[in-house]
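# Inside the fold
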Amino acid sequence: MPDRKYKYIKIDKQDGITWLTLNRPEKRNAMSPALHEEMDHALFILEDDPDTKVVILRGAGGNFSAGQDLKEFFRENEGKPRQGRKAREEANRWRWERLYNYDKPTICMIEGYCVGGAFMQLLATDFVVAAENATFSLSEVNWGILPGALVSKVVADAVIYRHALWYACLGEPFDGVEAARVGFINLAVPHDKLIAETENLARKLMLKSPRVLRATKQAIRHVRTMDFGQAYDYLAEKGKAIKVGDQEKSYETGLSQFLDKKAYKPVMAPFKLGTMLTDETTKK
Ligand code: COA
């Protein structure tokens, strides 16, 4: 359990899914320095929380987030270098370093507005499900800055170059259907199915061996910046490492349940967690 009470975020846990909610609905969940500090702390705690198998980020009150708080994050930090640096460090740490490297699967669920600085967590999480009628905008160009911190970088990495230029330079809003078409998100669904579809994805992820899933998402992320030689080597070593610490003994269990017991088909679904082979049976 979190060891403190939060003011600007909420944590709700149910059956392995932890909902982490940006909770400033009256400000459209604009991200203030205090909110960033709380998110940084909560994600740190949840990473090894045994009740948390998947983290879903969302916003309270029907909107994901209106981005950085223009008053509290920008204006009120002008001329205060140390305070500004602290706010930037906490903001960037949870929105990028923590989420990008998170041990557990992460999902963003988007409804309403998702603006500017909120693209950092949008693109750092593993998966994004949005309402078809959500509103996305890289609005920075409309009020005198460029998409800062890492927003320009992660946008340019996520979608093809022409779409990145289009949305960053025009700053025009676009909906969930367009966000899925260009590749900012995985899935756009009708608003009334948003929670069910997001939970459905979370439940699918919870069927996999946590260790294998963690290694797989790290592999996909890290090979993007490797050349072929590095990728061969990294993936071979990573493959060995999975087997060493996998409490489910997924490799032996999977092979045996498919080849010997004819108990499941890996193309269709994972083997059931908790049905791993014992030490005795793996020796055979
Ligand atoms: N920073 C600070 N305050 C914000 C904010 C932000 N990014 N986004 C919204 N708010 C505040 C508004 O100032 C308003 O506060 P008030 O009630 O004290 O006047 C409150 O949240 C509600 O905003 P409002 O504009 O009335 O809501 P809306 O539903 O009509 O419009 C938006 C929502 C998101 C379209 C609009 O608020 C907006 O354009 N916000 C700026 C978003 C932005 O450019 N963010 C980029 C930051 S990197």
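Rules behind the numbers
- Residues numbered from 1 in each chain as written.
- Predicted model: local features only at pLDDT ≥ 70, side-chain atom pairs only at ≥ 80, totals over all residues.
- Heavy atoms only, no water.
- Phe/Tyr/Trp six-rings, centres within 6.5 Å; stacked < 30°, edge-to-face > 60°.
- Buried < 20%, exposed > 50% of the residue type's maximum accessible area, 1.4 Å probe, protein only.
- Lys NZ or Arg CZ within 6 Å of the ring centre and 35° of its normal.
- Salt bridge = Lys/Arg side-chain N within 4 Å of Asp/Glu carboxyl O.
- Helix = DSSP H or I, 4+ residues; strand = E, 2+ residues; numbered from the N terminus.
- Pairing = 2+ DSSP bridges.
- Right-handed = clockwise from strand over helix to strand, strands pointing away.

In this section: the packing of aromatic side chains. Within this structure, the stated rule accounts for 9 aromatic pairs. Summarising the aromatic geometry, the rings of Y167 and F174 are spaced 4.1 Å apart at their centres and angled 40° between planes, so their arrangement reads as tilted. In this structure, Y167 and F174 share a single accessibility class: buried. Through a chain of ring-to-ring contacts, three or more aromatic side chains come together here, namely F119, F136, Y167, F174 and F184. If you follow R221 out to its NZ or CZ, it ends over the ring of Y100, 4.2 Å from the centre. In this structure, K243 is placed above the aromatic ring of Y251, and the distance from its NZ or CZ to the ring centre is 4.2 Å.

Another point: the pattern of salt bridges. This structure, assessed with the given rule, holds 16 salt bridges. The closest approach of N and O atoms between D40 and R98, which form a salt bridge, is 2.8 Å. Note that D40 is positioned in helix α1 (residues 33-46) and R98 in helix α3 (residues 81-100), a separation of 58 residues in sequence. Of the charged contacts, one joins R181 and E178 as a salt bridge, the two residues approaching to 2.8 Å between their closest N and O atoms.

What follows is about the pairing of strand β3 (residues 54-59). Most of β3 is tucked away, with 6 of its 6 residues classed as buried. Alternating positions in β3 separate into two faces, V54, I56 and R58 on one and V55, L57 and G59 on the other, with burial throughout. Where strand β2 (residues 17-22) and β3 come together, 6 bridges link them in parallel fashion. Within the sheet, the bridge partner assigned to T18 lies in β3 and is V55. The handedness of the β2 to β3 crossover, carried by α1, is right-handed.

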